[in-house]
Amino acid sequence: MGNDVSVIFLDSAPIGANRRPVKLLDGVANLEWRTHYFATRASSAIRLAWDRMRRLCLQARFAATGVLSAGALSTRAFGLERALFEADADIYLAHNSETLLPAYNAARRRAAQLMFDSMEFHSDMGEEQSALEQRMTRELEKAVLLKCRLILASSAQVADALAQEYGIPRPLPLDNVPPIEPELPVKPASGLALYWRNSVVALGHRGLDEVFVALTSLPVDVTLHLQGRMPLDGGARLKSRIAELRLTPRVVFHPPYAPEDAVKEAARHHVGLCLERKGCRNHELTTSNKIFDYHMAGLVVVASDLPGLRGVLERSHGGLLFRPGSPKDLVERISRLRDDANLRQTLARNAREFALCEGNREREREKFVAVFEEICGQQRKNLERPDTADEL
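Report follows, based on the coordinates. If you're wondering where the values come from, they're calculated on a predicted model, not measured in any experiment.

The rules behind each value
Residues numbered from 1 in each chain as written. Predicted model: local features only at pLDDT ≥ 70, side-chain atom pairs only at ≥ 80, totals over all residues. Heavy atoms only, no water. Helix = DSSP H or I, 4+ residues; strand = E, 2+ residues; numbered from the N terminus. Rg over C-alpha atoms; globule rule 2.2 N^0.38 Å. Buried < 20%, exposed > 50% of the residue type's maximum accessible area, 1.4 Å probe, protein only. Contact = heavy atoms within 4.5 Å. Core = buried A, V, L, I, M, F, W, Y, C linked by side-chain atoms within 4.5 Å. Pairing = 2+ DSSP bridges. Phe/Tyr/Trp six-rings, centres within 6.5 Å; stacked < 30°, edge-to-face > 60°. Lys NZ or Arg CZ within 6 Å of the ring centre and 35° of its normal. Expected span 1.5 Å × (residues − 1). Arc of directions from axis to C-beta. Axes fitted to C-alpha atoms, helices over the stretch in contact; angles between N-to-C directions. Parallel < 35°, antiparallel > 145°, perpendicular 65-115°, else oblique.

1. Things to note about the overall build of the protein chain
Summing up its helical and strand segments, the protein chain has 15 helices and 13 strands in all. Compactness check: the protein chain gives a C-alpha radius of gyration of 22 Å against a globular reference of 21 Å for 392 residues, within 12% of the reference. Along the first, second and third principal axes, the C-alpha set of the protein chain runs to 65 × 45 × 40 Å. Out of the 392 residues belonging to the protein chain, those deemed buried represent 48%. For the protein chain, contacts bridging at least 24 residues in sequence account for 66% of all contacts bridging at least 6.

2. Considerations on the nonpolar core
One finds Tyr92, Leu114 and Leu145 to be the most contacted residues of the largest nonpolar core, which totals 38 residues. Considering every element that reaches this core, the biggest residue donor is helix H4 (residues 100–110), with 6 residues. Listed in part, the 32 residues of the second largest apolar core include Leu194, Leu238, Phe322 and Leu337.

3. Focus: the sheet that holds strand S3 (residues 91–95)
Strand pairing in a sheet is mediated by backbone hydrogen bonds. Such pairs are either parallel or antiparallel. A sheet is described by the order of its strands in space; here 4 strands give the open sequence S3-S4-S5-S6, paired in parallel fashion. Each edge of the open sheet carries a strand with a single partner, namely S3 and strand S6 (172–173). Across 2 bridges, strand S5 (residues 150–153) lies against S6 in parallel orientation. Across the sheet, leucine 152 pairs through a bridge with leucine 172, a residue of S6.

4. A closer look at the packing of aromatic side chains
Under the criterion given, the structure shown has 3 aromatic pairs. Sitting over the ring of phenylalanine 78, arginine 54 keeps its end group 3.8 Å from the ring centre. Across the ring face of phenylalanine 85, the terminal group of arginine 110 is positioned such that the distance to the ring centre comes to 3.7 Å.

5. Considerations on helix H14 (residues 341–357)
Between its first and last C-alpha atoms H14 spans 24 Å; for 17 residues at 1.5 Å apiece the expected length is 24 Å, and the two agree. If you check which residues of H14 are buried, you get Leu343, Leu347, Ala348, Ala351, Arg352, Phe354 and Ala355. Viewed along the axis of H14, the buried residues span an arc of 160°, placing them on a single side of the element. Projecting away from the buried face of H14 at angles above 90 degrees are the exposed residues Asn342 and Cys357.

6. Describing the packing of helix H13 (residues 327–339) against H14
Working note: a packed helix pair is described by the angle between its axes plus the distance between those axes. It is the contact of H13 with H14, at a shortest axis distance of 5 Å, that shows an interaxial angle of 100°. For the element pair H13 / H14, the angle class is roughly perpendicular. In this structure, H13 uses Arg336, Leu337, Arg338 and Asp339 to contact H14, whose residues at the interface are Ala341, Leu343, Arg344 and Leu347.

7. A look at the sheet that holds strand S8 (residues 222–229)
One open sheet accounts for 6 strands, arranged S9-S8-S7-S10-S11-S12; its pairing is parallel. Only two strands of the sheet have a single partner each, and these edge strands are strand S9 (251–254) and strand S12 (319–322). The mean inter-strand angle of the sheet, taken between neighbouring strand axes irrespective of direction, is 25°. Pairing between strand S10 (residues 271–274) and strand S11 (residues 300–304): 4 bridges, direction parallel. Paired with cysteine 274 across the bridge in S11 is alanine 303. The strands touched by helix H11 (residues 289–296) within the sheet are strand S7 (192–200), S10 and S11, with S7 carrying the most contacts at an inclination of about 145°. Across the face of the sheet, H13 comes into contact with S7, S8, S10, S11 and S12 while running at roughly 160° to S12.

This is the structure in structure tokens:
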């Protein structure tokens, strides 16, 4: 967008954390990186206890009066509004619901424009969200989304749902896609390597247990590769379940990867799994970034037959759908891929072609910049401070 636009990138991290390099931000001359620090048990147990007490009080106030504060949604929000206000930006683009109210308040005080990146369908996140949290998020979005100049959504299905739920103009869907990866590592010549990844490798609503059960009915040359951080118990429950099903030799754990290595890590396997269960609107509507990494990596995708995931495979013709929560159905799809090399090669080729032509960051960036420039072009001409660069 040019160096006349400057960007302040504000992220969050635990107190005392060392900032890890992010390849995407290297060498961007018009970008300033700031960090808002929050308390954790390891970094500041006393402050965390105080923040949690404040959060409970703010939640009680909301339950009694309907008055919502940012700290009621997340302890990480304490101090965030001040950091945003100090940025003195012309445009605030908030990412995720816990940043929306602080960004709205900062934008209002600065007479700035507000934009929002709705990574999820935040008011129905399933088992990880309480009924009170759902209610607070719904009230927040009802009050604030109408005041946003631009809303981004992580899928067409989320965009449609938000427009219907809140009576707002349809958000701009932007797929969470990787950059084009021109070269890929060679896949194993034998067997069928299944691949599943998540930020945390754990049993639960992401459907990992379904593939464990399915694996017991599949030949021994079908292996499962898991990648991500271990849960708080170090993976004890997970490994116990694997041992119970006598799958230990066939399940391989891989350590977390750097974001820029996501595609190449996936590309060492044959089939990428998206196993989300039914039960909340977020799972039904969103599309995880891993499905697009799988496509760029040239993997065949096996995904739950939910609207968001189905929409991707209908566009790409790069995989098969199975009935969510059904190990039996999953066995049938994986068996087809194992036994039919031609089908597997065709679907993998379709996946890779879709990623190179459509499902890549370069293509999605063009969509964002076009809409952003259209909305903000007039504001850039009428800045009260013509000698000062715009700030996002």
